[in-house]
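# Breakdown of the fold
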Number of protein chains: 4
Amino acid sequence: MLHRHSHDLGLEPTHMLDQALGQRLMECRRQSLRLVEPLSDEDMVVQAMDDASPAKWHLAHTTWFYEAFALQPYVANYAPYSRDFAYCFNSYYETKGERHPRPHRGLLTRPTAKAVFEYRQHVDDALSTLFESESLDPETQTTLAHILEIGINHEQQHQELLLTDILALFARQPLHPAYSTKPRPAAIHSELQNGVKWLSFRGGVSEIGHSGPGFSYDNEGPRHHVLIHPFKLADRPVTNGEWQTFISDGGYADPLLWLAEGWDVVQKNNWDAPEYWHNKDDTWHQMTLHGSIPVEPSAPVSHISYYEADAFARWAGKRLPTEFEWEVATADLAPIGNTLGNNALRPVTAASQSEDKPQQMFGDVWEWTASSYQAYPGYQAPEGALGEYNGKFMCSQYVLRGGSCVTPDGHIRPTYRNFFYPHQRWQFSGVRLADNP
Amino acid sequence: MLHRHSHDLGLEPTHMLDQALGQRLMECRRQSLRLVEPLSDEDMVVQAMDDASPAKWHLAHTTWFYEAFALQPYVANYAPYSRDFAYCFNSYYETKGERHPRPHRGLLTRPTAKAVFEYRQHVDDALSTLFESESLDPETQTTLAHILEIGINHEQQHQELLLTDILALFARQPLHPAYSTKPRPAAIHSELQNGVKWLSFRGGVSEIGHSGPGFSYDNEGPRHHVLIHPFKLADRPVTNGEWQTFISDGGYADPLLWLAEGWDVVQKNNWDAPEYWHNKDDTWHQMTLHGSIPVEPSAPVSHISYYEADAFARWAGKRLPTEFEWEVATADLAPIGNTLGNNALRPVTAASQSEDKPQQMFGDVWEWTASSYQAYPGYQAPEGALGEYNGKFMCSQYVLRGGSCVTPDGHIRPTYRNFFYPHQRWQFSGVRLADNP
Amino acid sequence: MLHRHSHDLGLEPTHMLDQALGQRLMECRRQSLRLVEPLSDEDMVVQAMDDASPAKWHLAHTTWFYEAFALQPYVANYAPYSRDFAYCFNSYYETKGERHPRPHRGLLTRPTAKAVFEYRQHVDDALSTLFESESLDPETQTTLAHILEIGINHEQQHQELLLTDILALFARQPLHPAYSTKPRPAAIHSELQNGVKWLSFRGGVSEIGHSGPGFSYDNEGPRHHVLIHPFKLADRPVTNGEWQTFISDGGYADPLLWLAEGWDVVQKNNWDAPEYWHNKDDTWHQMTLHGSIPVEPSAPVSHISYYEADAFARWAGKRLPTEFEWEVATADLAPIGNTLGNNALRPVTAASQSEDKPQQMFGDVWEWTASSYQAYPGYQAPEGALGEYNGKFMCSQYVLRGGSCVTPDGHIRPTYRNFFYPHQRWQFSGVRLADNP
Amino acid sequence: MLHRHSHDLGLEPTHMLDQALGQRLMECRRQSLRLVEPLSDEDMVVQAMDDASPAKWHLAHTTWFYEAFALQPYVANYAPYSRDFAYCFNSYYETKGERHPRPHRGLLTRPTAKAVFEYRQHVDDALSTLFESESLDPETQTTLAHILEIGINHEQQHQELLLTDILALFARQPLHPAYSTKPRPAAIHSELQNGVKWLSFRGGVSEIGHSGPGFSYDNEGPRHHVLIHPFKLADRPVTNGEWQTFISDGGYADPLLWLAEGWDVVQKNNWDAPEYWHNKDDTWHQMTLHGSIPVEPSAPVSHISYYEADAFARWAGKRLPTEFEWEVATADLAPIGNTLGNNALRPVTAASQSEDKPQQMFGDVWEWTASSYQAYPGYQAPEGALGEYNGKFMCSQYVLRGGSCVTPDGHIRPTYRNFFYPHQRWQFSGVRLADNP
């Protein structure tokens, strides 16, 4: 999952400890604080479920990350803010020492939120001085620039998780509180409800994966050739309206539509709709960051598991795209869409951009693909602390592509590989159908 | 356990809705607020484990109790403060409607602590008006006086639970915070460490259970005759020092000392000392409401399970007293001791009061007895809402007697029966040995 | 439970290694073999559930018992039949070495049933020689006689368990096979269905527990005085017909009737009738050792838990008797009834014996009492191997009295204390109501 | 896993209901009976663990398969042998009605082994008549031939499972019995222990998957193009000797070598060696179908999980091959090796066949690949009963290739895809390393 991404330490000469980087870093740090403004101290300490983390933990963990990987190794005389903090806020780095057990993150009433804010300020101050220092040799500067770049991307990932975890928490409140108290922007109603257009792709040998300048995670490389068979792809994701038809048609009650493993999960958990859907006064409602609202039929369906995506596709007589098909289909598309900066805080119907290109590939919902999360050919785990476990999550998970309505702007690209277990659905996860020619 | 006590609705003519009752009620309400003063909002929302409840929940639940049993039924036009609150803060009254599941109490970040304080004020105001009302008929006055008396006792129980639950929470913090920041009173060192005196009792037919004026729970009656065999009782509880000897002697490693069920629990949980004990720098420390402190050898051992109490007794060649022996031994003793008002907030060595009487029967630690928690002969579950489930916890639990260092003053008496499951040990539970003549 | 009974080594001078004992021993050994005659090798190896043991295991364990406690310690040059057998067939004696884990007893396809029969023969031969030996000194003879007496009683307990465990196994077979292929004796229909007679007892100080000659377990003593309050007792157990009324009246659906713990168990397991009851063609059927048969309304209800017994009593406005009340009520009654020798293999309606005395106190069903299983005053765990854990099961269980339709004849007496956990119901367990005067 | 393979109903004209097919069918049926000859009735009824099935169940289930898919649909007037048998011995076909729960298969003492043998005979007789019938129209003949072909392959799969499940059962016996009482053939010692040879492959676009005549499962097709990158492959599987080095080097204790998921499994289960390995007298022994024997250093390691295979590869600085690389490497190799007919019943060192080709690709051990078990491009689930769930196991499992020492001869080919969950290791599963060029 996002917060478990591995990190690349292959140094690129383009990394520079310049003011531009400093400004992006501080803007990222401020953005985290803005995200918790609507939260009370109580909202920040509680852990909604094992998969989620408290908001306070996200704030502290992202801060610890800079301390552990940048300040302590490379800044002379820097002392860790607190040995206890390191214990509390390390996530999973075995080489970085003992950690507080993940399912107990919600027990940490101390350090308090206030102490965490002070911790952030302390680390921010130390980070700021880096950009004014004249004593750093060029190699250290390059290394630090690279690590800070990773730190920014790492914190952006946690910004998304913070929001999905708050949604998970608020959805468990009998009071159904709204995270956002601003007026909720109306959904844009378009023709999407009325049909889907199938776009054809010819296939052939394509290059897949990241290369060139700009940040990427190591799991996006090496760039390599893949043989793609001809395929068709829906021009937009599956909508809530279509999902309601699936429900009325008995989709959740027919074992023939499901993977055996998925059917077990459906029965064990009594799933009969996406996560956060509930029936009120005979109408499907959905818990969102705006509180509980009626389901919007033309918006992309969200909060579904891989199992549900797969069952829906079988019901529809289609299939999921592979992550390679998905990536090929983004050629010539700018990686922009309904992401966090858009402030919608939920998937919404987008206006058409063009008749011949897939819509909403970026933003709105992460799209489950048929691809198991595996290493690309030639992938080598980098050496060193940050690369400790580059491949250690490459098992039993599935790749999602494209970003969501709470992904920070700029934190998405065609080669970006997100990954979750097939039963998980607390992220903004949806699906786009594919078909054979 | 305390918070599950059932309640008696047998009306006594002595119950009066007078100013004395009103003052006791308001003092009790203020006391709850004083107890949470050292807590942050975060400390108040988190649930340390399934057995415990968040402090905020205790504050709200005790308030809901007055609303549900006094204000709504007996005050014309009183509207519940909030339907959601009733759902959130009902504990287990089936006839009072649906309840928030107990293990999810720690998810309730909303209503906030602030909202709960407002709720308390609202209910306090409504309760105050009762004492000024001139429109209540005498029968209603008597009924209300009785219910408020129960409400006070109910809230006192939760005051004790609030403290034990906070200790459970703080013990799970890597930072080991102290609840009490006041200077910790020194333990009084006395001769207790050096030996125990055995007091002999002749036995015979004794009267057991509550009768007469003054409040009691229904499980303390009816008063009835019990045949007691001659026995001996230790003049004081087992101390930490004696427990350390038990540990060094391999007490936790010898299956022959344990009940079969207890041995399973010991092995499954790797118990090797009382709850909250941990070894630091080769010295036993104990997490307390003062933070982590070295174990005090002459103080009564606390936070042990029934299994441990039983194993210790077998190791010592003694046994646990029955609850009847315990009660008989309190004849002529005033029910006072190291309780909450004493502010020690932990068991401490008491100075001798008398050479021939048992010491520390009240306060310090609840003392496990050999008695399974059962109904007394002739016990009848009362009718009505408060009596809904009078006997429903009378199974598989064991009786503890005497109160603890966090029991509110006055909330203890010779006939008081507390009860917990034999594996539970987050209460201030200790043990006093008995022997045959 | 039966197979966990502890054993007394207090030697009595009356124990003699004479021919009478030898004949009883060999008859007991043959009886075990007769009980497995209707079983295939497959029936003998499988374990129906964790609480149960395979028939083969019972056969081997009872044999190992004589080997471990009589032959090895007291017979010169006796070598254990097989070290593996000792590992496989020790039940829970910690001092007798490592044991095969209880829930894995059903994995033991080897040693085969045939090997176990050979093992039995080998041990029987060795036991026989004891009675012909002239080299045993008198003290050893007395000790051996005592141990063999315990061995017989121990094997009788396992004979009952063997049958209840076979019933548990056969009840899990889709084919519902019958253990007994003999014609099933008709139930005797009597006036029992039409009403219950309440017998009054005056109470007072009574003597409880075993004393005098004849075998008993250590938990039946010491004999001591108990103060009994006046009470009434039903002249017969609750019947299946009455239980059907309880069911139709919604007994399993009303939480107000249940202990809190019991209500949890009911809901978790979807209990809506006694164990082994199932509805076929709109008629309640019951799996028995004769296969599945229609429930017989006038026979005592069987296979109920303590929780169900307690809920039924509350529904009926009565209560369970204490074990002391039960024992007092057996004064002047001979301990005979519908036990194993009767061959009914199920509870049946007995003809009235007398108008003024309780019926069916012995045989038919074990009767749950309100008494937690505790040590009697003055109880001391004996020293030595057989007494290893005399009290180790005295926790969280409840006492049942009177024996059942599969208890070996003679293996029952007024002071006999059986005990099980309150949720267990695979034994032939029923209930008789008591009331206050 | 093997017994969950899906089945193809695409009819091929080459299927004929001729004598050759009849002879293969009856030989396959006899082979199942030969495999259980060393087993007692008790060995046949017990279920070693949830993943395994009893031998009796395998015998009955494979028989039910012919009844359900061939005799009942296509033979006029054929009545099912027993409705109970269908309930007991259906494995997972939802459209074929209710099933006995999988983890309870080991409770079925009835029908007895004897009854199952009679059931087999009954069905064999009915199958035999098919080959003599003159009333079947050509289309039905072709369909039946196809179904029987599937039935043979299905039964062969279960023959392998029967042996691995017996090994799992015998490994849980304290007596460590041998399945095979014939003299155990010596392991052939060769140069394998001393080094591995790396074979280079050029890559390029290759055809993968089955086509042409001969039986295959639907998951082996459609045949399609795959782009293979240049790679190197070890000429033989990893050996026990090499695995011992991995163990001594701390392989099971270093989290950096493991997938995060794998490390959790290792710690939870205290794995420190392959399944069935145990240390006796300071020497590694291995439970086999010949009983417990010293580990043979030059034989391929077996009974390892995907996690272990992956960790070993990381430790060795190599990786697992993809299933496509594996298939490409078998070009020009005959699919023969140490399979069931060889009677070794364990992996053994093979003599070199050639210097330039991979050894032991077939037989000995199933080889874990890096490939998640997914559908091939263009795969379509066939319609109809046998195709009910063709793809329903394509999730979270990994592909193994090549067959094992207990795979029936002829039941293996280069395109054969076996699959198991990454934690499973009771099959004869090993590993062969790959590397980048």
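Residues numbered from 1 in each chain as written. Chains lettered and ligands numbered in written order. Predicted model: local features only at pLDDT ≥ 70, side-chain atom pairs only at ≥ 80, totals over all residues. Heavy atoms only, no water.

Contacts between chain D and chain A engage 36 residues on the former and 36 residues on the latter. Summing the contributions of chain D and of chain A, the shared interface buries around 2,500 Å²; its carbon and sulfur component is 55%. Contact with chain A buries surface across chain D, with Leu256, Glu261 and Cys395 of chain D losing the most and accounting together for 18% of the total. The interface formed by chain D and chain A contains 0 salt bridges. One can count 12 residue pairs in polar contact (both at pLDDT 80 or more) joining chain D with chain A. Elements with a contribution of two residues or more to the side of chain D that touches chain A: β3 (224-228), α8 (260-269), α9 (306-315) and β8 (366-372) of chain D. (Contact = heavy atoms within 4.5 Å. Buried area = accessible area lost by both parts, 1.4 Å probe. Salt bridge = Lys/Arg side-chain N within 4 Å of Asp/Glu carboxyl O. Polar contact = N/O pair within 3.5 Å; in protein donor to acceptor, adjacent residues only side chain to side chain. Helix = DSSP H or I, 4+ residues; strand = E, 2+ residues; numbered from the N terminus.)

All right, on to helix α7 (residues 240-248) of chain D then. Residue and element names in this part refer to chain D. Those residues of α7 that fall on the buried side of the exposure criterion are Asn240, Gly241, Trp243, Phe246 and Ile247. Of the surrounding elements, those touching the buried residues of α7 are β5 (277-280), β6 (283-288) and α9. Gly250 sits one or two residues past α7 and shows a positive phi near 85°. (Buried < 20%, exposed > 50% of the residue type's maximum accessible area, 1.4 Å probe, protein only.)

This part takes up the confidence of the model for chain A. All names here are of chain A. Considering every residue of chain A, the mean pLDDT works out to 89; 90% of them sit at 70 or more. Note on residues 1-13: pLDDT under 50 across the span, and 64 contacts to partners over four residues away in sequence or across chains. Overall fold confidence (pTM) sits at 0.90, and the ipTM for the predicted complex is 0.90. (pLDDT = per-residue confidence, 0-100.)

With that settled, the discussion passes to the relation of the copies chain B and chain A. For the pair chain B and chain A, the relating rotation is 180°, the translation along its axis is 0.0 Å, and the fit reaches an RMSD of 0.0 Å. The two molecules are tied by a two-fold rotation axis, judged by turn and shift. Across chain B, the rotation axis passes nearest the C-alpha of Glu42 of chain B, at a separation of 2.5 Å. When you check the interface residues of chain B against chain A, 100% turn up at the interface there too, and the contact is symmetric in its surfaces. (Least-squares fit on C-alpha atoms with pLDDT ≥ 70 in both.)

Before going further, it helps to examine helix α5 (residues 113-130) of chain B. For α5 of chain B, which comprises 18 residues, the first-to-last C-alpha distance of 26 Å matches the rise-based estimate of 26 Å (1.5 Å per residue) to within 8%. Turning to α5 of chain B, its buried residues number three or more, namely Ala113, Ala115, Val116, Tyr119, Arg120, Val123, Asp124, Ala126, Leu127 and Leu130 of chain B. Where α5 of chain B is buried, its residues touch α2 (41-45) of chain A together with α1 (19-36), α2 (41-45), α3 (55-74), α4 (83-89) and α6 (138-171) of chain B. (Expected span 1.5 Å × (residues − 1).)

Turning our attention to the pairing of strand β8 (residues 366-372) of chain B. Residues and elements named next belong to chain B. Most of β8 sits out of view: 7 of its 7 residues are buried. Of the two faces of β8, both are covered, the one formed by Trp366, Trp368, Ala370 and Ser372 as well as the one formed by Glu367, Thr369 and Ser371. As paired elements, β8 and strand β11 (residues 429-430) share 2 bridges and run parallel to each other. Note that in β11 the partner of Trp366 across the bridge is Ser429. Across 3 bridges, β8 lies against strand β9 (residues 398-401) in antiparallel orientation. Residue Trp368 lies in a different strand from β9, and its bridge partner there is Leu400. (Pairing = 2+ DSSP bridges.)

A few words on the nonpolar core. By size, the foremost hydrophobic cluster in this structure holds 230 residues, and its most contacted members are Leu148 and Trp243 of chain C together with Leu148 and Trp243 of chain D. Leaving out residues up to four positions away in the same chain, Trp243 of chain C has contacts with Val238, Tyr252, Pro274, Trp277, Val301, Ile304, Glu308, Ala309, Phe312 and Val431 of chain C. In this structure, Leu71, Ala113, Ile208 and Leu320 of chain B belong to the second largest nonpolar core, which totals 229 residues. (Core = buried A, V, L, I, M, F, W, Y, C linked by side-chain atoms within 4.5 Å.)

In this section: the side chain of Arg236 of chain D. Residues and elements named next belong to chain D. Residue placement: Arg236 occurs in the loop between β4 (231-234) and α7. On the basis of relative accessibility, which here comes to 2%, the residue Arg236 falls in the buried class. At 3.0 Å, the side chain of Arg236 and the backbone oxygen of Gly195 are in polar contact. Looking at Arg236, its side chain comes within polar contact range of the side chain of Glu242, at 2.8 Å.

Here the focus is the sheet that holds strand β10 (residues 418-420) of chain A. Pairing is mixed in the open sheet, where 4 strands are placed in the order β10-β9-β8-β11 (chain A). On the outer flanks of this sheet lie β10 and β11 (429-430) of chain A, each paired with one strand and no other.

What follows concerns the relation of the copies chain D and chain A. Of the transformation superimposing chain D on chain A, the axial component is 0.0 Å and the angular component is 180°, with the fit at an RMSD of 0.0 Å. Take the interface residues of chain D: 100% of them recur as interface residues in chain A, which is what a same-surface contact looks like.

This part takes up the environment of Trp258 of chain B. Note that Trp258 of chain B resides in the loop between α7 (240-248) and α8 (260-269). C-alpha of Trp258 of chain B to C-alpha of Ser91 of chain B: the two residues are 167 residues apart in sequence and 34 Å apart in space. For Trp258 of chain B, the residues in contact, after removing those within four places along its chain, are Phe246, Gly251, Tyr252, Trp263, Val266, Tyr307, Glu308, Ala311 and Arg314 of chain B together with Lys392 of chain C. A distance of 2.9 Å separates a polar atom in the side chain of Trp258 of chain B from the backbone oxygen of Gly251 of chain B.

Residues and elements named next belong to chain B. Among the 6 residues that make up strand β6 (residues 283-288), 5 are buried, leaving the element largely enclosed by the rest of the structure. Sheet topology note: the strand β5 (residues 277-280)/β6 ladder contains 4 bridges and is antiparallel. In the sheet register, Trp277 faces β6, and the bridge partner there is Gln286. Hairpin remark: β5 followed by β6, antiparallel, with 2 residues in the connecting loop; positive phi at Asp281, about 50°. Remark: 2 residues form the turn of the hairpin made by β6 and strand β7 (residues 291-294), two consecutive strands paired antiparallel.

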